[in-house]
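Chain and residue survey
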Amino acid sequence: GAGVSQTPSNKVTEKGKYVELRCDPISGHTALYWYRQSLGQGPEFLIYFQGTGAADDSGLPNDRFFAVRPEGSVSTLKIQRTERGDSAMYLCASSSTPGLAGKYTQYFGPGTRLTVL
Amino acid sequence: AQSVAQPEDQVNVAEGNPLTVKCTYSVSGNPYLFWYVQYPNRGLQFLLKYITGDNLVKGSYGFEAEFNKSQTSFHLKKPSALVSDSALYFCAVRAATGGGNKLTFGTGTQLKVEL
């Protein structure tokens, strides 16, 4: 499996519940990104990790959203007290180490479709 | 702030004809530009990018794009369209320096190639 993987592929939850979305980047990629794509729109940036630390979290819409990457590989996006407006496709991407060829290309996973009822 | 405009929601072409999907951008400083394709209920698949150098870049599946700095455009082209090219296409931009690594995407253009 050489690509970015995301689990689950679909998640249905009820308003007010807590959800976790997982992203497993391409092996060796140090940069990891989360985006959110609403129906009929392009992806919108949420957060970017370089290694274990969040280098840019300016896209997180509010404090109900949080993401971690404790060992610099797998990342989890956490959403507390979900709202119907959180329903969207959540996309994860990774890119290689700065200084290497292709470092600017973000490779995307298949996404997790979140539905909040 | 950086932004991308894809002025056409949908482009229809006949198989075998050339296709163009338009993209213009706004960014501080030099841009890094990307095209991605998305099939239904799937993630984004990278097609090509412009970082520096030759303004005409070639990518996967016979696609190419031309960077035009004066017009701030990065239109996607293919000389001969295939039915299998039918999909949703996204243009994206990031600043070369100072803007962080985040991509800003357009709203997408649905390409429909008909027999």
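Read on for an overview of the structure. (Residues numbered from 1 in each chain as written. Chains lettered and ligands numbered in written order. Predicted model: local features only at pLDDT ≥ 70, side-chain atom pairs only at ≥ 80, totals over all residues. Heavy atoms only, no water.)

Moving on to the overall build of chain B. Counting its regular elements, chain B contains zero helices and 12 strands. Listed N to C, the secondary structure of chain B is β-β-β-β-β-β-β-β-β-β-β-β in terms of helices and strands. What you see for chain B is a C-alpha radius of gyration of 14 Å, in line with the 13 Å of a compact globule of 115 residues. Counting only C-alpha atoms, chain B reaches 45 × 30 × 20 Å along its principal axes. A total of 115 residues make up chain B; the buried ones form 47% of that total. At a minimum sequence separation of 6, the contacts of chain B that also span at least 24 residues come to 57%. When the accessible surface of chain B is summed, it comes to about 5,400 Å², and 48% of that surface belongs to carbon and sulfur atoms. In chain B, which carries 10 positive and 8 negative side-chain charges, the distance between the mean positions of the two groups comes to 9 Å. (Helix = DSSP H or I, 4+ residues; strand = E, 2+ residues; numbered from the N terminus. Rg over C-alpha atoms; globule rule 2.2 N^0.38 Å. Buried < 20%, exposed > 50% of the residue type's maximum accessible area, 1.4 Å probe, protein only. Contact = heavy atoms within 4.5 Å. Areas by Shrake-Rupley, 256 points an atom, 1.4 Å probe, with all protein chains shown as cover. Lys, Arg positive; Asp, Glu negative; His and termini not counted. Charge placed at Lys NZ, Arg CZ, Asp CG, Glu CD.)

So, on to unusual backbone geometry. Between A:Thr7 and A:Pro8 the backbone carries a cis peptide bond, its omega angle lying at -10 degrees. Along the polypeptide, A:Pro8 turns up in the loop between β1 (5–7) and β2 (10–13). Notably, B:Thr72 is not glycine yet its phi reads approximately 45 degrees, a positive angle. Along the chain, B:Thr72 turns up in the loop between β8 (64–68) and β9 (73–78).

The next point concerns the pairing of β8(B). All names here are of chain B. Two elements, strand β7 (residues 56–58) and β8, share three bridges in a ladder whose sense is antiparallel. By the bridge assignment for β8, Leu 56 is matched with Glu 66. Between β7 and β8, which pair antiparallel and follow one another directly, the connecting turn spans five residues, one of which, Tyr 61, has a positive phi of 60 degrees. As paired strands, β8 and β9 are joined by five bridges and run antiparallel to one another. Of the residues in β9, the one forming a bridge with Glu 66 is His 75. Counting the residues in the hairpin turn of β8 and β9 gives four residues, including Thr 72, whose phi is positive at 45 degrees. (Pairing = 2+ DSSP bridges.)

All names here are of chain A. All told, the structure shown has six salt bridges over all chains when counted by the stated rule. Arg 22 serves as the salt-bridge partner of Asp 24, at 3.9 Å between the closest nitrogen and oxygen. Relative accessible area serves as the criterion here: at 26%, Asp 24 is assigned to the partly exposed category. Through salt bridges with shared partners, a single ionic network connects Arg 64, Glu 83 and Asp 86. (Salt bridge = Lys/Arg side-chain N within 4 Å of Asp/Glu carboxyl O.)

Contact with chain B, which involves 19 residues of that partner, is made by 22 residues of chain A. Taken over both partners, the interface formed by chain B and chain A buries close to 1,600 Å², and the fraction arising from carbon and sulfur atoms is 55%. The three residues of chain B that bury the most area against chain A are B:Leu44, B:Asn101 and B:Lys102, which together make up 29% of that side's buried surface. Connecting chain B to chain A are zero salt bridges. On inspection of chain B and its partner chain A, the count reaches nine residue pairs in polar contact (both at pLDDT 80 or more). When residues in the side of chain B that touches chain A are grouped by element, the largest group, four residues, is from strand β5 (residues 31–38) of chain B. (Buried area = accessible area lost by both parts, 1.4 Å probe. Polar contact = N/O pair within 3.5 Å; in protein donor to acceptor, adjacent residues only side chain to side chain.)

A few words on the state of the cysteines. The bond known as a disulfide is covalent and runs between the sulfur atoms of two cysteines. Throughout the structure, instances matching the rule amount to two disulfides over all chains. Between the sulfur atoms of A:Cys23 and its disulfide partner A:Cys92 the distance amounts to 1.8 Å. Its torsion about the S-S bond being -65 degrees, the disulfide of A:Cys23 and A:Cys92 is classed as left-handed. Separated by 69 residues along the polypeptide, A:Cys23 in strand β3 (residues 19–24) and A:Cys92 in strand β9 (residues 88–95) bring together distant segments of the chain. Here A:Cys23 matches A:Cys92 in class, with each residue buried. Disulfide pairing places B:Cys23 opposite B:Cys91 at an S-S distance of 2.0 Å. Judged by the sign of its S-S torsion, about -60 degrees, the cystine formed by B:Cys23 and B:Cys91 is left-handed. Taken together, the residues B:Cys23 in the loop between β3 (19–21) and β4 (24–26) and B:Cys91 in strand β10 (residues 87–95) connect sequence positions 68 residues apart. (Disulfide = S-S within 2.5 Å.)

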